[in-house]
Structure formats: C-alpha cells, structure tokens
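Notes for the structure review
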Amino acid sequence: MTPLRSSSGSGRATSGTFRRPWLCSTNSFPPAVTPSSFRLRWAEGWLNGASGFGYAAEYLTTNRAGFGATIDQVGLAVFFLQRHRAEMILKGLLDFVGAEVPNAHRLVVLWDRCREALAHRSPAGWSDFDAGQEELIRALDVVDPSSFTFRYPVDTQGTKVNRPKFINLDALNKHLDD
C-alpha cells in the first residue's frame with residue numbers, strides 16, 4: 001500500500017489528496033467504469049448478498065485445485081463465506097417477514113428468532129424447513145459461534161481460536177445449497 005501524502009507537503013492526508021481507483025466516482029460514471037466494475041445496488045438486501053457469498057464460495061470450492069494458495073488457505077475463506085452466507089439468509093428471512101433483524105452473529109440466536117417469527121405463520125412449512133436446516137445451523141454455530149474462527153487467528157480477547165482439524169468443503173457447499 002502506498003502511504004497517503006498531502007498536496008501541501010505537511011505529511012497529513014487531506015480530503016481529495018489521494019485516489020481510490022477501486023471506487024468509481026458517481027461524478028465520472030460511466031467513464032470510470034471498467035469491465036471489472038460491478039453495481040453495488042444489484043447486491044442490496046440480505047438475500048442478494050447471501051447469494052453473492054454463496055457463488056463465491058462455490059467457485060472457490062469447485063476451483064480450489066487451480067489456485068496457488070494451499071487448500072488450507074482457501075478453506076478458511078470458503079468456510080467464512082459459507083458461514084456468512086447462512087447468517088445473511090437467516091437475517092434475510094427475518095427482514096422478509098418484517099421482524100427485527102438483530103445485530104447478532106450467533107447463528108443459533110438468529111435461528112431461534114426465525115422460529116419465533118415464522119413458525120406460527122406456517123407450522124408445517126417451518127417444520128419442513130426446520131427438519132432440513134436446524135442441524136446444519138447448529139453445527140456451524142458450534143464450529144464458529146462468533147464469526148471469528150475462520151477470519152482471524154484470535155478472538156476479540158486475543159485468545160487463539162479453536163478450529164476443527166478438517167472440514168469437507170464439498171459437503172459444506174452441498175448442505176448450504178440444499
């Protein structure tokens with residue numbers, strides 16, 4: 001990364017004195033848009049965002065052998081993407097039915113909130129959904145309760161995270177797609 005420099009020579013960065021080539025300015029849109037640019041508004045909302053995490057995880061899972069990184073390095077990213085995908089789906093379900101979306105990352109907390117918001121609307125529908133997904137949500141929550149385990153080597157207290165020795169990325173992708 002290049003350090004920020006001020007145009008005045010004071011050494012302090014001031015507004016407008018550095019460029020962010022990854023951010024397309026609305027003042028220059030569309031000339032600044034390149035084939036590698038994407039529209040953020042197409043990924044608005046919990047469920048659209050979750051789809052994007054799912055597509056990225058599936059791509060990495062399918063193509064992991066072709067990367068220069070080791071499977072273990074790619075695996076960390078894939079697990080995080082899949083876990084975050086599950087979190088966003090649960091938050092999207094809450095948002096869809098007009099329930100409060102809590103500022104929480106614990107999947108079991110979100111799962112319980114979904115049950116509270118959805119089970120009374122369609123007991124049979126929730127029962128079917130619950131039977132197919134609750135075990136997965138609880139398993140993900142046990143492995144990564146705070147959404148830190150696969151993002152950082154330590155938690156917010158500086159304690160080393162405890163990761164499982166192995167995770168089958170193909171199985172994880174299949175279960176989240178079901």
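Residues numbered from 1 in each chain as written. Predicted model: local features only at pLDDT ≥ 70, side-chain atom pairs only at ≥ 80, totals over all residues. Heavy atoms only, no water.

Before going further, it helps to spend a moment on the overall build of the protein. Along the protein, the regular secondary structure elements total five helices and zero strands. Per-residue burial over the protein gives 29% buried out of 178 residues. Taking the intrachain contacts of the protein between residues at least 6 apart in sequence as the baseline, contacts between residues at least 24 apart amount to 48%. Here the protein displays about 12200 Å² of accessible surface, and carbon together with sulfur accounts for 56% of that area. (Helix = DSSP H or I, 4+ residues; strand = E, 2+ residues; numbered from the N terminus. Buried < 20%, exposed > 50% of the residue type's maximum accessible area, 1.4 Å probe, protein only. Contact = heavy atoms within 4.5 Å. Areas by Shrake-Rupley, 256 points an atom, 1.4 Å probe, with all protein chains shown as cover.)

Here the focus is the packing of aromatic side chains. Inspection of the entire model under this criterion finds five aromatic pairs. Relative to Tyr152, the ring of Phe148 has its centre 5.3 Å away and its plane inclined at 45 degrees; by these criteria the two rings are tilted. By the ring-pair criterion, three or more aromatic residues cluster together here, those being Trp111, Trp126 and Phe129. Geometry around Phe148 places Arg151 over its ring, the cationic atom sitting 5.2 Å from the centre. (Phe/Tyr/Trp six-rings, centres within 6.5 Å; stacked < 30°, edge-to-face > 60°. Lys NZ or Arg CZ within 6 Å of the ring centre and 35° of its normal.)

Mapping Arg83 onto the fold places it in helix 2 (residues 71-96). On a C-alpha basis, the gap between Arg83 and Phe53 in space is 9.2 Å, while along the polypeptide they are 30 residues apart. Not counting residues up to four positions away in its chain, the partners in contact with Arg83 are His105, Arg106, Leu107, Asp144, Pro145, Ser146 and Ser147. At 2.6 Å, the side chain of Arg83 forms a polar contact with the backbone oxygen of His105. (Polar contact = N/O pair within 3.5 Å; in protein donor to acceptor, adjacent residues only side chain to side chain.)

Next up on the list: the confidence of the model for the protein. When pLDDT is averaged along the protein, the result is 81; 75% of the residues meet or exceed 70. Of the regions scoring below 50 in pLDDT, residues 1-18 engages in ten contacts with residues more than four places distant in sequence or in other chains. (pLDDT = per-residue confidence, 0-100.)

This paragraph deals with the nonpolar core. Leu90, Leu107, Cys114, Leu118, Ile137 and Leu140 are the most contacted members of the largest nonpolar core, which totals 19 residues. For this core, the elements supplying multiple residues, two or more each, are helix 2, helix 3 (107-118), helix 4 (123-143) and helix 5 (169-177). Ranked by the residues each element gives to this core, the list is headed by helix 3, at six residues. Of all hydrophobic cores here, the second largest spans six residues; its members include Ala57, Val74, Leu81 and Leu169. (Core = buried A, V, L, I, M, F, W, Y, C linked by side-chain atoms within 4.5 Å.)

What follows is about the side chain of Thr61. Note that Thr61 resides in helix 1 (residues 46-63). Other than its neighbours up to four places away in sequence, Thr61 contacts Val78, Leu169, Asp170 and Asn173.

This part covers unusual backbone geometry. Even without being a glycine, Ser147 presents a positive backbone phi close to 70 degrees. Turning to its location among the elements, Ser147 is positioned in the loop between helix 4 and helix 5. Residue classification places Ser147 among the buried residues on the basis of a relative accessible area of 2%.

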